[in-house]
Amino acid sequence: MQIAVIRHLPTKWNQRGVLQGSRDIPILPISKETEDVIKQNKKHLDLLGAPDFILTSSLIRTHETAKLYGYHSFQKEPLLDELNFGEFEGSPKSLLIQTHKRKWLEQPRDLILGEPLVEFEQRIFKFLESYKDFSNLIVFGHGSWIRALLSIKQSGSINHMNQVEVKNNDLNLLEF
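Residues numbered from 1 in each chain as written. Predicted model: local features only at pLDDT ≥ 70, side-chain atom pairs only at ≥ 80, totals over all residues. Heavy atoms only, no water.

A. Seen up close, the packing of aromatic side chains. Within the structure shown, the criterion is met by 8 aromatic pairs. On the basis of an interplanar angle of 80 degrees and a centroid distance of 4.8 Å, the ring pair of F53 and F134 is categorised as edge-to-face. Taken together, the positions of F53 in strand β2 (residues 53-56) and F134 in the loop between α5 (117-130) and β4 (136-141) put the pair 81 residues apart, joining distant regions of the chain. In this structure F134 comes out as partly exposed when scored by relative accessible area, which is 29%. Judged by centre distance (5.3 Å) and plane angle (85 degrees), the ring pair of F127 and W145 falls under edge-to-face. Here F127 is found in helix α5, whereas its partner W145 is found in helix α6 (residues 143-155), with 18 residues between them in sequence. With respect to burial, F127 and W145 carry one shared label: buried. (Phe/Tyr/Trp six-rings, centres within 6.5 Å; stacked < 30°, edge-to-face > 60°. Helix = DSSP H or I, 4+ residues; strand = E, 2+ residues; numbered from the N terminus. Buried < 20%, exposed > 50% of the residue type's maximum accessible area, 1.4 Å probe, protein only.)

B. Representation of the sheet that holds strand β5 (residues 171-175). An order of β3-β2-β4-β1-β5 is seen for the 5 strands of this open sheet, with the pairing classed as mixed. The open sheet has two edge strands with one neighbour each: β3 (75-76) and β5. Pairing analysis gives 2 bridges linking β2 to β3, with the strands arranged parallel. Looking at β3, one finds that T56 is bridged to K76. Across the sheet, helix α2 (residues 32-47) touches β1 (2-7), β4 and β5, and the angle it forms with β5 is around 20 degrees. (Pairing = 2+ DSSP bridges. Contact = heavy atoms within 4.5 Å. Axes fitted to C-alpha atoms, helices over the stretch in contact; angles between N-to-C directions.)

C. Main features of unusual backbone geometry. The phi dihedral of N169 is positive, around 75 degrees, even though this residue is not glycine. Here N169 lies in the loop between α6 and β5. Among the residues examined, N169 registers a relative accessible area of 6% and is labelled buried.

D. Fine view of the pattern of salt bridges. A complete count under the given rule lists 7 salt bridges for this structure. The shortest N-O distance in the salt bridge between R23 and E89 comes to 3.6 Å. Here R23 is found in the loop between α1 (12-16) and α2, whereas its partner E89 is found in the loop between β3 and α4 (93-106), with 66 residues between them in sequence. For R23, a relative accessible area of 38% puts it in the partly exposed group. When its relative accessible area of 8% is taken as the criterion, E89 is described as buried. A salt bridge links R102 to E106; the nearest nitrogen and oxygen atoms lie 3.7 Å apart. (Salt bridge = Lys/Arg side-chain N within 4 Å of Asp/Glu carboxyl O.)

E. Spotlight on the side chain of R147. With respect to the helices, strands and loops of the structure, R147 is situated in helix α6. Filtering out sequence-adjacent residues up to four positions away, R147 remains in contact with K93, W104, M161, N162, V164, E165 and V166.

F. Molecular detail of the packing of α5 against α6. Two elements in contact, α5 and α6, have axes separated by 10 Å at closest approach and are oriented at 70 degrees. Regarding the angle of α5 to α6, the classification is roughly perpendicular. In this structure, α5 uses F120, E121, R123, I124, F125, F127 and L128 to contact α6, whose residues at the interface are S144, W145, A148, L149 and I152. Looking at side-chain class alone, the contact of α5 with α6 contains 9 nonpolar, 1 polar and 2 charged residues. (Parallel < 35°, antiparallel > 145°, perpendicular 65-115°, else oblique. Nonpolar A, V, L, I, M, F, W, Y, C, P; charged D, E, K, R; others polar.)

G. Geometry of the environment of F134. When the C-alpha positions of F134 and Q2 are compared, they lie 8.2 Å apart, and in sequence the two are 132 residues distant. Among residues more than four places away in sequence, those in contact with F134 are M1, D52 and F53.

So, in structure tokens, the structure goes:
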């Protein structure tokens, strides 16, 4: 299974370094630079051939991003929803890191925020299992979810997810 995963475009909260999690925050108007990156990413996506599915999370920022990529027919998949950060949603990411530094960086599976991270990891494995019979997926997702997927691909668990950076509008191509 090939998955092209794109992190949603920037929001006001991204600009401020604030955790969004399950909050439904819209994207900002796009700049010329962002538009150029979208065009480059689209060229890569077009080379992959027709996708079996174009998937977004249930949150508006992924829907808006998919539409700006020219995809108006997509399926909302709640398994793609961002990690629920609980009391840290609406707070600077630096506060989460300061509070849980070692666990956040080295052992996030042990954390319980708005959802236990072990359940977050299980949600990603459930996604992979649900779509394993398809060959080509385009996914519009979120930072923590994508970092967790990259960690699973590299090491089999989410424990390295916070040692990876995924910027808004980054395209990652993965083979499972």
